[in-house]
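# A closer look at the structure
As a plain string of letters, each chain reads:
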Amino acid sequence: MKCLGRGAAELLTIAEDLRPHDIELELLTGPLQGVYDPSGHGAALFAFFAGMAESEREYIREKSLEGQASARERGRHGGRPKVVDDDMAAYARSLRANGVPVPEIARKLVITSGKNQGKRPSVATVYRILAEDADSTE
């Protein structure tokens, strides 16, 4: 069920593609062990699998969202740690206000913590900092 499709629509599309080629579904283990024809009794089995796949997918999604909400309540936030702290961002904004080009700003900044400590942020990171500042003023 998990390998055949990610959702009901995808699984039923696969079943429709198998029908003209007379390809059958064979379950090797479990209580439904046997060979099923997608155009015969297997159609009901495919519909059942489609419903189960969709149900499981929704269940996993709900549990993931619950886990993320629980982590947020405990003060944990997903994603990569920030490379730029508030002081570095303020310094980048002041340099930009003085007309310093962004590549030059990137060469002046130094990452103070994390695995990239002592390295310089990318030009793209500096552009992102400055874009966030522009977005907040609008």
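Everything that follows concerns the structure shown earlier in this document.
Rules used throughout
- Residues numbered from 1 in each chain as written.
- Predicted model: local features only at pLDDT ≥ 70, side-chain atom pairs only at ≥ 80, totals over all residues.
- Heavy atoms only, no water.
- Helix = DSSP H or I, 4+ residues; strand = E, 2+ residues; numbered from the N terminus.
- Buried < 20%, exposed > 50% of the residue type's maximum accessible area, 1.4 Å probe, protein only.
- Contact = heavy atoms within 4.5 Å.
- Areas by Shrake-Rupley, 256 points an atom, 1.4 Å probe, with all protein chains shown as cover.
- Polar contact = N/O pair within 3.5 Å; in protein donor to acceptor, adjacent residues only side chain to side chain.
- Salt bridge = Lys/Arg side-chain N within 4 Å of Asp/Glu carboxyl O.
- Core = buried A, V, L, I, M, F, W, Y, C linked by side-chain atoms within 4.5 Å.

Looking now at the overall build of the protein. In terms of regular secondary structure, the protein is built from five helices and two strands. From first element to last, N terminus to C terminus, the protein shows the α and β order α-β-β-α-α-α-α. The buried share of the protein, taken over its 138 residues, is 24%. Expressed as a percentage of contacts within the protein between residues at least 6 apart in sequence, the contacts between residues at least 24 apart total 36%. Summing over all exposed atoms, the protein offers an accessible surface of approximately 10100 Å²; the carbon and sulfur share of this is 52%.

Structurally, Thr125 can be placed in helix H5 (residues 123–137). Taking the relative accessible area as the measure of exposure, Thr125 reaches 17% and is therefore buried. Of the polar contacts made by the side chain of Thr125, one reaches the side chain of Ser122; its length is 2.9 Å.

Time to look at the pattern of salt bridges. Scanning the entire structure with this criterion turns up three salt bridges. Between Arg61 and Glu58 there is a salt bridge, with the nearest N and O atoms lying 3.7 Å from each other. Of this pair, Arg61 and Glu58 both sit in helix H2 (residues 42–73), three residues apart, which is roughly one turn of that helix. Residue Arg61 is classed as partly exposed on the basis of its relative accessible area of 48%. When the shortest N-O distance is used, the salt bridge between Glu66 and Lys63 registers 3.3 Å. Taken together, the residues Glu66 and Lys63, both in helix H2 and three residues apart, mark about one turn of the helix. Given the relative accessible area of 45%, Glu66 is considered partly exposed.

On to the nonpolar core, then. Core analysis: the largest hydrophobic core is formed by 13 residues, its most contacted members being Val84, Ile105, Leu109 and Val126. Of all the elements in the fold, those that place two or more residues in this core are helix H3 (86–97), helix H4 (102–108) and H5. In terms of residues, this core owes the most to one element, H3, which gives four residues. Once residues lying within four places of it in the same chain are set aside, the contact partners of Leu109 are Met88, Tyr91, Ala92, Lys119, Arg120, Pro121 and Val126. Counting residues in each nonpolar core, the second largest holds seven residues, with Ala15, Leu18, Phe46 and Phe49 among its members.

From the geometry alone we can't say anything about function, so treat these as descriptive.
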